[in-house]
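Residue-level structure breakdown
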Amino acid sequence: MSDPQTSTGKSSPEQIFHGTGASKGIAIGPAYLFIKDKIEKTQTELDPADTEHEIEKFVSALQRSEKELKKIEGVTTQKLGQAYSDLFQAQIMLLHDEVLTESIIRLIREKLKPAQLAIEEEFDRHLAHFKQSSEQLFQERAQDLDDIKNRIIRNLHNQKWQSKIPESMIIVSTCLSPADIILFSRNRVKGFVTETGGVTSHTSLMCKSLNIPIIVGLSNFTQRVKTGDSMVIDGSKGTAIVHPFEDTVKRFENKIAEENKMEEAASKLAGAPAVTKCGIRLHFFSNIDVKEEIPSIRNAGAEGVGLFRSENLFIDSTKPPREDEQTAYYSDMAAALNPEPLVIRLFDIGGDKLIYSPISEPNPNLGWRGIRILIDVPEILDSQLLAILKANTWSNIQVLLPMISSLDEIIAIRDSLDKHIAALEKSGTTCNKPEVGAMIEIPAAVEIIDEITQAVDFISIGTNDLTQYTLAVDRNNEIVQDLFDKFHPAIIRQLHKTISTACKNNCRVSLCGDMGSDPMALPFLVGCGLKEFSVVSADIPLLKSVTQYFTVAESRDLVHECLSLPTAAKIKARLKQFQETHVPEAACQLDS
C-alpha cells in the first residue's frame, strides 16, 4: 500500500490508496467495516469426565457447519452455476473426512484438549506449509482452509453467523472467504476491499464472475476507514479513495457511464468473430487457473481455453494430485468446453511458481523447474499424461510443454505419451491422442525455433518469461522493474523470428503472455503473422474491437519499421502513433 495522497489546497480529507485490482469495475458508496470476531481460547485442558461431552459439541459443530455450507452451496448454484458450488461441496466433504475428524477426536479424548484447541492444532498442522510459503497461490488456498476451520470453531461456540449487512455498501475487511462473497452479494454489495488475498484466489474469481469490483492486498486498510466513510474504488487500477472530493465522485460517475456504454458495445462484439479491416480472421482464447472460470469465458467471446495452468491442482496438497482426481477434473473441463479446445500446460512447477521440491536453490528461476522436474520425476509426468489421455473423450484436449529448451525434452515427452497410449490400448481402452505443443519462453527455444516447430503440432509464446530470461530481469523484483520491457528490441525481434518461422513450417502459433492483452501490441503481432491469442477473458472484447481498424498489410509495414528501431522507447512511440492514427479513441478507452 502506498502512503495516502492528500490533495493540497482543499479542505476535504480525500485520501488515495493503492492495492491490487482483482476484479474490474468502479464502485461509489459508503464503506462497511467487516471485522470477524476472534474467539479467544478460554480453556487449555479438559477434565477427563468432560471428554465425551466435548466430542459431542465438536460433532454438533460439524453438523451446523454442514447445514450452513449447504445453504451457501444452494445460493451459489443459483448465482454462478455448478462450477463454483463445487467449491462448497468440497468443503462439505472435508467435514466428513474421517482421518481429519478422528484425529481431532483423538486429541480431545487422549490428550484432553478442548475441542477448539484440537481443531486449531489439526487444521494448523495442514496449514503450516501453505502459510509459510512465499508463493501467493499457496497463501490464497490457505485462506480457504482457514475459512472451514473458523466456521467449525464459531459453530462450536454457537456464535451467530453474520450474513446480512445494509445494502449498497463497499465491504472493507482483513480477508473475505468465498462464502462471504456469495452471502454479501445478496445485499447488493457494490464492491470489496481486503488487506490480504490475490488475483487467483477463489474470492477474486467469484467477484469476477459476479461482476463486482474487488481490490486485494491493501495492507492495514481497515485501520484507515470506518463504517459510513464515503469511498470510490476502481477494481481495474487497484485504487481506493476515501472521502473523495465532489469532482472526484463526478469524474468516476462519468467514467461508469462511459464504461457502461463501452461494455454494451463490447458485448455485441464478444460473440462475433474477430476480423481485421481486410477480412482476416483472428482467434481469441482464455488463460485460466481453475475450472470455475469456464462458465464466464464464452460471455467474453473466448473460443476455448488457450492455457490452463494445471499446476494450480497442487495447491491443496504438497503432493501431486492423484491420477483419478486429475482425470475427473480434466474431464469436467473438456466436457464444459466441447467442442472448443482445452490446452493443458503440464505442471509448470518450480522457479517463481509452485515449489514442488523442498530443496533450496540459490536461483530457482534458472534451476530445477518446469519440464526438467517432469522428466526427472516420471511418476508426476506419467499420472498427468494418463489422466489427460483418459479425459480426452471429446478429442479437444491439447498438451503444452513448459520451459522447453531442447528437442530432447520434446522427444522424451512424446515417447512417454506414446508409451501410455500403447499400454491403454493394449488393455482395451481407446485413446484420442492429443496434439502436443511447446512453450517458447527462453532464448534457447527461439534459437532452435525452426527445429521445434517441425517437432510439435503448435507453439505458444510466453512473453513474460521470455522477457525475463532475455533481459536477465526478474519480473518479480521491484528493484529492476523499470528494466522489464516487453517492447525491448531484442524481444520484438525474437517474436518476429518465432512467429514467422512457425508460419513457414505450418505450425500453429499462439501467444499467451501479457503482451497479448496489450491493444498497442496487437497490430505488430498480427503483422508478424500471429492469428491466435490466449489472454485474460476480460480483455477479449477490447482486443476484438481494436482488430477491425487495421489491415494486415498496414501491420506488416509497422513490423518492418519496428524491427529497424534501436530502442524500446522508439518502438513504443511508433506503436502508439499507429494506434492513434488507426484506432478511434473510444475503442481504446475500453481499457482505460
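Here's a quick rundown of the structure. (Residues numbered from 1 in each chain as written. Predicted model: local features only at pLDDT ≥ 70, side-chain atom pairs only at ≥ 80, totals over all residues. Heavy atoms only, no water.)

When you go through the protein chain residue by residue, the secondary structure sums to 22 helices and 17 strands. Taking all 592 residues of the protein chain together, 54% fall into the buried category. A fraction of 68% describes how many contacts in the protein chain between residues 6 or more apart in sequence connect residues 24 or more apart. Counting only carbon and sulfur atoms, one obtains 50% of the accessible surface of the protein chain, whose full area is about 26000 Å². (Helix = DSSP H or I, 4+ residues; strand = E, 2+ residues; numbered from the N terminus. Buried < 20%, exposed > 50% of the residue type's maximum accessible area, 1.4 Å probe, protein only. Contact = heavy atoms within 4.5 Å. Areas by Shrake-Rupley, 256 points an atom, 1.4 Å probe, with all protein chains shown as cover.)

What links the strands of a sheet is backbone hydrogen bonding, and the strands pair in either a parallel or an antiparallel sense. Read across the open sheet, the eight strands follow the order E1-E8-E7-E3-E4-E5-E6-E2; overall the sheet is mixed. The outermost strands of the open sheet, each flanked by one partner alone, are strand E1 (15-18) and strand E2 (20-23). Within the sheet, the average angular offset between the axes of one strand and its neighbour, ignoring direction, is 30 degrees. Pairing between strand E7 (residues 230-234) and strand E8 (residues 239-242): four bridges, direction antiparallel. The residue of E8 that forms the bridge with Met231 is Val242. On top of the sheet, helix H7 (residues 202-210) reaches E2, strand E5 (191-194) and strand E6 (214-216); it is set at about 60 degrees to E2, its chief contact. (Pairing = 2+ DSSP bridges. Axes fitted to C-alpha atoms, helices over the stretch in contact; angles between N-to-C directions.)

With respect to the helices, strands and loops of the structure, Asn287 is situated in strand E10 (residues 281-288). Judged by relative accessible area, which is 9%, Asn287 ranks as buried. A distance of 3.1 Å separates a polar atom in the side chain of Asn287 from the backbone oxygen of Cys512. Looking at Asn287, its side chain comes within polar contact range of the side chain of Ser534, at 2.5 Å. Residues within four places of Asn287 in sequence aside, it is in contact with Glu293, Leu307, Arg309, Cys512, Ser534, Val535 and Val536. (Polar contact = N/O pair within 3.5 Å; in protein donor to acceptor, adjacent residues only side chain to side chain.)

What follows deals with helix H3 (residues 98-111). Working note: α-helix, 3.6 residues per turn, so residues spaced by three or four point in the same direction. In a regular helix each residue adds 1.5 Å, so 14 residues correspond to 20 Å; H3 covers 19 Å between its end C-alpha atoms and thus fits that length. Listed as buried for H3 are Leu100, Thr101, Ser103, Ile104, Ile105, Leu107 and Ile108. One side-chain oxygen at the N-terminal end of H3 lies 2.9 Å from the backbone nitrogen of Val99; it belongs to Asp97. Leu112 lies just past H3 and shows a positive phi near 55 degrees. (Expected span 1.5 Å × (residues − 1).)

Another point: the pattern of salt bridges. Following the criterion strictly, the structure yields 33 salt bridges and no others. Put simply, Lys497 and Glu447 hold a salt bridge, and the shortest N to O gap is 3.8 Å. Of this pair, Lys497 sits in helix H17 (residues 489-504) while Glu447 sits in helix H14 (residues 443-447); the two residues are 50 residues apart in sequence, bridging distant segments of the chain. By relative accessible area, which is 58% here, Glu447 ends up exposed. Linked through salt bridges whose partners overlap, the residues forming this network are Glu68, Asp147, Arg151 and Arg154. (Salt bridge = Lys/Arg side-chain N within 4 Å of Asp/Glu carboxyl O.)

What follows deals with the nonpolar core. In this structure, Ile171, Phe192 and Tyr330 are the most contacted members of the largest nonpolar core, which totals 147 residues. With residues up to four places along the chain from it excluded, the contact list for Tyr330 reads Phe308, Ser310, Leu313, Leu342, Ile344, Phe347, Gln384, Ala387, Ile388, Ala391 and Ile397. (Core = buried A, V, L, I, M, F, W, Y, C linked by side-chain atoms within 4.5 Å.)

This brings us to the pairing of strand E16 (residues 508-511). As defined by bridge partners, strand E15 (residues 458-461) adjoins E16 across four bridges and the pair is classed as parallel. Directly across from Phe458, in E16, lies its bridge partner Arg508. Between E16 and its parallel partner strand E17 (residues 532-535), the chain crosses via helix H18 (residues 522-528), and the hand of that crossover is right-handed. (Right-handed = clockwise from strand over helix to strand, strands pointing away.)

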